[in-house]
Amino acid sequence: MINLTGCYDLHIHAAPDVSKRKFTDDELAERMLKAGFAGFGLKCHFAETTARAALLREQFPQLNVVGGVTLNRSMGGLNPYAVEMCGKMGGKFVWMPTLEARAYKRFHNPNMSDAEAEKFLTVFDVDKHLLPSVHEVLEVAAQYKMIVCTGHLSAEEGIEVIKAAKEHGVVKTVATHADNPADFYTEEQQVECVRLGALVEHCYFTVFKKRTLPEAMVSQLKAVGFDNVFISTDFGQPDNLYPDEGINEFLVTLSQNGVKDEDLEKVAKINPARLITD
């Protein structure tokens, strides 16, 4: 089993935030530094995190802390201007809609009326073509060399975003927590994402919450190949572990289910470092 020195967790929710969080930005950075991490990513569903990441890099120069913008309604939805300002500040990530994605809302509220669903966000028009605003977002993301992530879109939507991102010149894309039941990508869909140039993200959240079996997770990792995957936690919720603990437990779980040390190095260190390095 590998140690935590040089690991990354690119999917963490810290305070300040709309929802209650287990730790502040500073507390998180102190823990990650002490644990030997090389860096981490701050995500917020309702505000950009690029400025917070920049402040942390000044305070903790040993850590590569990155942030970005999530395209929920508080940021104007599929808003290229929000992406542009984030890119100008040095933001790394553009997350497509998450908690306000229409598909996500319907998954958790299967009896939701069409009228209620219309309040939430999709990248598709009525004919399942990408909306013009999606193309505008992708153009800006390409200009600022940002990483486009599928957020909580459905797998069908996410694959179309990844395809279009490539066409617009976006170099790096991510299929976000692809095993999560709320936006589940089959193994075949994950392979398709990789064929289109994306990395596939798997978060410990779903294993920790027993929504994904470890054996199923390992099967998916093997299906796409360990060069094409990175792991994170999606932690920050008060009842979950700290991210350093989560990554360590994730690595132990993967090792116990037959993943070799050289592949653990790839998914926890090499691949996330490659993702956020220009």
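Residues numbered from 1 in each chain as written. Predicted model: local features only at pLDDT ≥ 70, side-chain atom pairs only at ≥ 80, totals over all residues. Heavy atoms only, no water.

Caption draft 1: Just the sheet that holds strand β7 (residues 173–175), in detail. Reading across the sheet, the 6 strands line up as β4-β5-β6-β7-β8-β9 and stay open at both edges, with parallel pairing between neighbours. Looking at which strands have only one partner, the edges of the open sheet turn out to be β4 (68–70) and β9 (229–232). In this sheet, adjacent strand axes meet at a mean angle of 25° when their direction is disregarded. In this structure, strand β8 (residues 199–203) lies alongside β9, joined through 4 bridges in parallel fashion. For glutamate 201, the partnering residue across the bridge sits in β9 and is phenylalanine 230. Set on the sheet, helix α12 (residues 261–276) makes contact with β5 (93–95), β6 (147–149), β7, β8 and β9; between it and β9 the angle comes to about 105°. (Pairing = 2+ DSSP bridges. Helix = DSSP H or I, 4+ residues; strand = E, 2+ residues; numbered from the N terminus. Axes fitted to C-alpha atoms, helices over the stretch in contact; angles between N-to-C directions. Contact = heavy atoms within 4.5 Å.)

Caption draft 2: How the structure looks around the packing of aromatic side chains. Per the stated rule, a full pass over the model turns up 6 aromatic pairs. Ring centres of phenylalanine 93 and tryptophan 95 lie 5.0 Å apart, and the angle between their planes is 20°; on these two criteria the pair is classed as stacked. Seen in terms of ring centroids, phenylalanine 208 and phenylalanine 235 are 5.4 Å apart; in terms of plane orientation they differ by 65°. Their pairing is edge-to-face. With a gap of 27 residues between them, phenylalanine 208 in helix α9 (residues 204–208) and phenylalanine 235 in the loop between β9 and α11 (243–256) connect regions that are remote in the sequence. The rings of Tyr204, Phe208, Phe235 and Phe250 are connected pair by pair, giving a single aromatic cluster. (Phe/Tyr/Trp six-rings, centres within 6.5 Å; stacked < 30°, edge-to-face > 60°.)

Caption draft 3: Inspection of the environment of glutamate 100 at higher detail. Looking at the secondary structure, you find glutamate 100 in the loop between β5 and α4 (102–108). For glutamate 100, the contacting residues outside a window of four places in its chain are Phe46, Asn72, Arg73, Ser74, Lys105, Phe120 and Leu121.

Caption draft 4: Up close: helix α6 (residues 132–143). Here α6 contains 12 residues, and its C-alpha end-to-end distance of 17 Å stays within 8% of the 16 Å for a straight helix at 1.5 Å per residue. Taken residue by residue, α6 has Val134, Val137, Leu138, Val140, Ala141 and Ala142 as its buried positions. Directly beyond the C-terminal end of α6, a positive phi value near 55° is found at lysine 145. (Expected span 1.5 Å × (residues − 1). Buried < 20%, exposed > 50% of the residue type's maximum accessible area, 1.4 Å probe, protein only.)

Caption draft 5: Region of interest: unusual backbone geometry. The residue after alanine 15, namely proline 16, is reached through a cis peptide bond having omega 10°. Within the element layout of this structure, proline 16 appears in the loop between β1 (8–12) and α1 (25–35). In this structure, lysine 128 is a non-glycine residue whose phi angle is positive, near 65°. Lysine 128 sits in the partly exposed class, given a relative accessible area of 49%. One non-glycine residue, aspartate 234, lies in the positive phi region at around 65°.

Caption draft 6: The pairing of strand β2 (residues 39–42), seen in detail. Residues Gly39 and Gly41 line one face of β2 and the alternating positions Phe40 and Leu42 line the opposite face, and both faces are buried. Bridge analysis of β1 against β2 gives 3 bridges, and the strand direction is parallel. In the sheet register, aspartate 9 faces β2, and the bridge partner there is phenylalanine 40. With 3 bridges connecting them, β2 and strand β3 (residues 64–66) associate as parallel partners. By the bridge assignment for β3, glycine 41 is matched with valine 66.

Caption draft 7: How the structure looks around the nonpolar core. Counting residues in each nonpolar core, the largest one holds 49 residues, and the members touching the most others are Leu28, Phe40, Ile231, Leu251 and Leu254. For leucine 251, the contacting residues outside a window of four places in its chain are Met1, Ile2, Leu4, Cys7, Ile231, Leu264 and Ala268. Formed by 28 residues, the second largest nonpolar core is a distinct cluster that contains Val94, Val137, Val140 and Ala182. (Core = buried A, V, L, I, M, F, W, Y, C linked by side-chain atoms within 4.5 Å.)

Caption draft 8: Layout of the pattern of salt bridges. Under the criterion given, the structure shown has 17 salt bridges. Linking arginine 73 and glutamate 100 is a salt bridge whose minimum nitrogen-to-oxygen distance equals 3.1 Å. With arginine 73 in the loop between β4 and α3 (80–88) and glutamate 100 in the loop between β5 and α4, the pair connects residues that are 27 residues apart, well separated along the chain. The closest approach of N and O atoms between lysine 88 and glutamate 84, which form a salt bridge, is 3.6 Å. Taken together, the positions of lysine 88 and glutamate 84, both in helix α3 and 4 residues apart, correspond to about one turn of that helix. Exposure remark for lysine 88: the relative accessible area of 53% places this residue in the exposed category. Sharing partners across several salt bridges, the network here consists of Arg31, Asp244 and Glu245. (Salt bridge = Lys/Arg side-chain N within 4 Å of Asp/Glu carboxyl O.)

Without other data, these values stay purely geometric and don't point to any function.
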